[in-house]
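Topology and contacts: notes
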Amino acid sequence: MNRRKFVSSGIAAAVAAALANQRLYAALLAASDTVEAEVNAISGEGAEVILQRAAVQELADSLRGNLLLPGHAAYEEARRILNPSIDKHPALIVQPKGVADVKNAVDFARDSNLLVAVKCGGHSPSGKSTCDGGMMIDLSLLRSVRVDPDRRIAQVSGGSLLGDMDHDTMAFGLVTTAGTVSHTGVGGLTLGGGFGRLARRFGLALDNVRGVELITADGRFVRASPDENPDLYWGVRGGGGNFGIATSFEFQLHPMDRQVIGGDIMFPISEAPQLLRFYAEYAAGAPDELYLDGGLVSIPGQFSGVWFHVCYSGDKALADKFIDPIRKAGTPVVDTVGPVDYTAIQKSADVSDPRARGSWMKSGFASEISEGMIDAIIDGWEEHPERGMFVVWQHAGGAIGRVPDDATAFAHRHVRHDTLFLMDWAMGVDPAPHVKWLRDYFATVEPYTYGFYTNDVMDESQAKVNRNYLGHYDRLVELKNKYDPTNLFRLNANIVPTAGSA
Ligand SMILES: Cc1cc2nc3c(=O)[nH]c(=O)nc-3n(C[C@H](O)[C@H](O)[C@H](O)COP(=O)(O)OP(=O)(O)OC[C@H]3O[C@@H](n4cnc5c(N)ncnc54)[C@H](O)[C@@H]3O)c2cc1C
């Protein structure tokens, strides 16, 4: 065979192979869209629902995105959430590629009386974004951010992650409040609150929402803003995912230098009593530009002690004035505080391997850190080689507390510190005794708190969830009756409609 023939035959073989692969691929794709049998599912009330093959096929055909059933290659990945100790298997997963897909999924779920879970970033610590036997609507393909620098607004799709938003807005020298871990979902974080390194300056994430587009339980596309459906606009800013699936948010942006001063300062555990007292006083008097988390941390085999996390986003000439007293409050053993890009500090607490460790938590809001609270935290603190443990105050206050109480459904404008009890363990460890320990420990501190963060809802009773909406509860029930009277969207800090069931 001469060289020319060899080359051409090689090309021919490659082309033939590519075509064959393409056909195989197309066949596989077609196969994955083919529904082969009826699907056993459950309703919101837990009753058995049998979905006929043809109906599920019709749903699949109605989507630009994916319908994933158990056994599909992508199902395993899609069903997972951040916390690997919550291991649930939805009967079907819809991954919408657009608003129409969200509508089709909602219509199908409602008409079939299915239990529905909505997943954005999958960070709900109690796994509200997944379920056994229902439909998961996984928004992970609905990720986009469009910044209008002149109007200082960003349009952010309902499945976006915080890192998407920070990255795109910061490119224009603009920001809005986001949480402290970049792979948290914009959807869940914003609808329930949105504390973060800039919340003391710019308010909660939800305080920066100028409008939300939703698909409601009846499959309608609804816009909520000060001018359109203002009742819903009030409710989605604190009422969580109770009223529909948010497909897009419009955020107010603020100019900010992308370089901030931030990092971590760690101290020996022996200095805890003096340092927690220092924190209580210093955090309360801090300027809005200083964000200071503080508390106790135990990472078995690595570090145990007092941890302060700093992010100062104000005038750099004043940075030392505000940060030096923190350094001098004890004897630092680690100090990483220095100039840092805002998007980098926003990723500094990201979890590198989210599947490795299970977790459990409790949270309680406080408007002040009392002596009693500090004593209870120190008295109950116990390290254990099988569990990582954080008892940390997330810094709130500032602009959060300057928003009038009735401006949004978020009911806890008094919060200056979100007291977080977070525990994690390597998969394989029996968490039961550790969870019990944490519950008992938190019970000694809870009397010094007032309410809790609905985004961190765990296994609180329905009565406790209701009480936690404080004076906004009745108005929220009215809205739930109007927008989701059958409680289609119940996997959240649920507002039970008058005629519905929990
Ligand atoms: C590691 C970690 C760090 C965190 N840090 C912070 C922080 O700094 N500040 C803070 O305020 N909170 C923080 N949180 C808590 C966080 O606000 C909640 O876990 C929040 O619910 C996460 O949103 P998500 O979209 O990632 O979660 P998901 O689990 O996907 O969803 C949570 C809830 O929101 C609903 N939901 C999500 N998206 C939509 C949507 N588009 N439309 C309608 N409903 C929707 C879901 O149905 C579910 O009920 C943190 C949590 C974790 C695990």
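Residues numbered from 1 in each chain as written. Predicted model: local features only at pLDDT ≥ 70, side-chain atom pairs only at ≥ 80, totals over all residues. Heavy atoms only, no water.

1. Quick notes on the overall build of the protein
The secondary structure content of the protein amounts to 15 helices and 21 strands. Referenced to the eigenvectors of the C-alpha coordinate spread, the extents of the protein come out at roughly 75 × 75 × 55 Å. Counting every position in the protein, which comprises 502 residues, the buried fraction comes to 54%. Long-range contacts, defined here as pairs at least 24 residues apart, represent 73% of the contacts in the protein between residues at least 6 apart. Per element, the accessible surface of the protein, about 20900 Å² overall, is 54% carbon and sulfur. Charge separation in the protein, taken as the distance between the mean sites of 47 positive and 61 negative side-chain charges, equals 6 Å. (Helix = DSSP H or I, 4+ residues; strand = E, 2+ residues; numbered from the N terminus. Buried < 20%, exposed > 50% of the residue type's maximum accessible area, 1.4 Å probe, protein only. Contact = heavy atoms within 4.5 Å. Areas by Shrake-Rupley, 256 points an atom, 1.4 Å probe, with all protein chains shown as cover. Lys, Arg positive; Asp, Glu negative; His and termini not counted. Charge placed at Lys NZ, Arg CZ, Asp CG, Glu CD.)

2. Examining helix α10 (residues 319-327)
Of the positions making up α10, those classed as buried are A319, F322, I323 and I326. Viewed along the axis of α10, the buried residues span an arc of 95°, placing them on a single side of the element. Projecting away from the buried face of α10 at angles above 90 degrees are the exposed residues D320 and K321. Along its buried surface, α10 packs onto β14 (259-268), α9 (272-284), β15 (290-299) and β16 (303-312). (Arc of directions from axis to C-beta.)

3. Considerations on the site of the ligand
Within the structure, the ligand sits among 34 residues, and C120, G122, S129, G185 and Y453 are positioned closest to it. Between the ligand and G185, the relevant distance is 2.8 Å, taken from an oxygen atom to a main-chain nitrogen or oxygen of the residue. Protein chains shield 90% of the accessible area of the ligand, which is 950 Å² for the free molecule. Those elements giving two or more residues to the shell around the ligand turn out to be β5 (116-119), α6 (186-192) and β12 (245-252). Ranked by residue count, the leading element in the shell around the ligand is α6, at 4 residues. Grouping the amino acids of the shell around the ligand by side-chain chemistry returns 13 nonpolar, 18 polar and 3 charged. (Near = heavy atom within 4 Å. Polar contact = N/O pair within 3.5 Å; in protein donor to acceptor, adjacent residues only side chain to side chain. Nonpolar A, V, L, I, M, F, W, Y, C, P; charged D, E, K, R; others polar.)

4. Observations concerning the pattern of salt bridges
Scanning the entire structure with this criterion turns up 30 salt bridges. We note a salt bridge from R151 to D148, for which the minimum N-O separation is 3.8 Å. Accessibility expressed as a relative area gives 24% for D148, which makes it partly exposed. Residues D324 and R327 are paired through a salt bridge, measuring 3.5 Å at the closest nitrogen-oxygen approach. Of this pair, D324 and R327 both sit in helix α10, 3 residues apart, which is roughly one turn of that helix. Since its relative accessible area comes to 22%, R327 is described here as partly exposed. (Salt bridge = Lys/Arg side-chain N within 4 Å of Asp/Glu carboxyl O.)

5. With respect to the confidence of the model for the protein
Note that predicted coordinates carrying low pLDDT should not be read in detail. For the protein, the mean per-residue pLDDT works out to 93, and 93% of the residues sit at or above 70. Between residues 1-20, whose pLDDT stays under 50, and residues either more than four places distant or in other chains, the model counts 2 contacts. Note on residues 22-31: pLDDT under 50 across the span, and 0 contacts to partners over four residues away in sequence or across chains. (pLDDT = per-residue confidence, 0-100.)

6. Quick notes on the domain arrangement of the protein
Per the domain assignment, the segments making up the protein are domain 1 (39-141), domain 2 (145-255) and domain 3 (259-456). Relative placement of domain 1 and domain 3: their C-alpha centres are 35 Å apart. Roughly 730 Å² of surface becomes buried between domain 1 and domain 3 when both sides are summed, with 58% attributable to carbon and sulfur atoms. Among the residues of domain 1 in contact with domain 3, L82, P84 and P125 are the three that bury the most area, contributing 56% of the side total. Linking domain 1 with domain 3 are 1 residue pair in polar contact (both at pLDDT 80 or more). Tallied by class, residues from the side of domain 1 that touches domain 3 come to 4 nonpolar, 2 polar and 2 charged. (Domains from an automatic or database assignment. Buried area = accessible area lost by both parts, 1.4 Å probe.)

7. Here we look at the sheet that holds strand β6 (residues 135-138)
The 4 strands lie next to each other as β3-β4-β6-β5, forming an open sheet whose pairing is mixed. Of all the strands in the sheet, the pair left with one neighbour each is β3 (66-68) and β5. Ignoring strand direction, the axes of neighbouring strands in this sheet form an average angle of 20°. Sheet analysis places β5 next to β6, joined by 4 bridges and oriented parallel. The partner of V116 across the bridge, within β6, is M135. Against the sheet, helix α4 (residues 99-111) contacts β4 (92-95), β5 and β6, and its axis sits at roughly 170° relative to β6. (Pairing = 2+ DSSP bridges. Axes fitted to C-alpha atoms, helices over the stretch in contact; angles between N-to-C directions.)

8. Some points on α4
Over its 13 residues, α4 extends 18 Å from the first C-alpha to the last, a length consistent with the 18 Å expected when each residue adds 1.5 Å. Every buried residue of α4 is listed here: D101, V102, A105, V106, D107, F108 and A109. (Expected span 1.5 Å × (residues − 1).)

9. Some remarks on the side chain of T343
Tracing the sequence through the fold places T343 in helix α11 (residues 342-345). Looking at T343, the relative accessible area reads 14%, which means it is buried. Separated by 2.5 Å, the side chains of T343 and D341 make a polar contact. If sequence neighbours within four positions are ignored, T343 has contacts with D166, H167, M170 and R258.

10. Let's talk about the nonpolar core
Formed by 49 residues in total, the largest nonpolar core has its most connected members in F308, I326, I377, M389 and F421. With 8 residues, α9 is the single largest residue contributor to this core. Among residues more than four places away in sequence, those in contact with F308 are G263, D264, I265, F267, L275, F278, Y279, L292, D293, G294, G295 and I326. In this structure, L174, L191, F243 and F452 belong to the second largest nonpolar core, which totals 37 residues. (Core = buried A, V, L, I, M, F, W, Y, C linked by side-chain atoms within 4.5 Å.)

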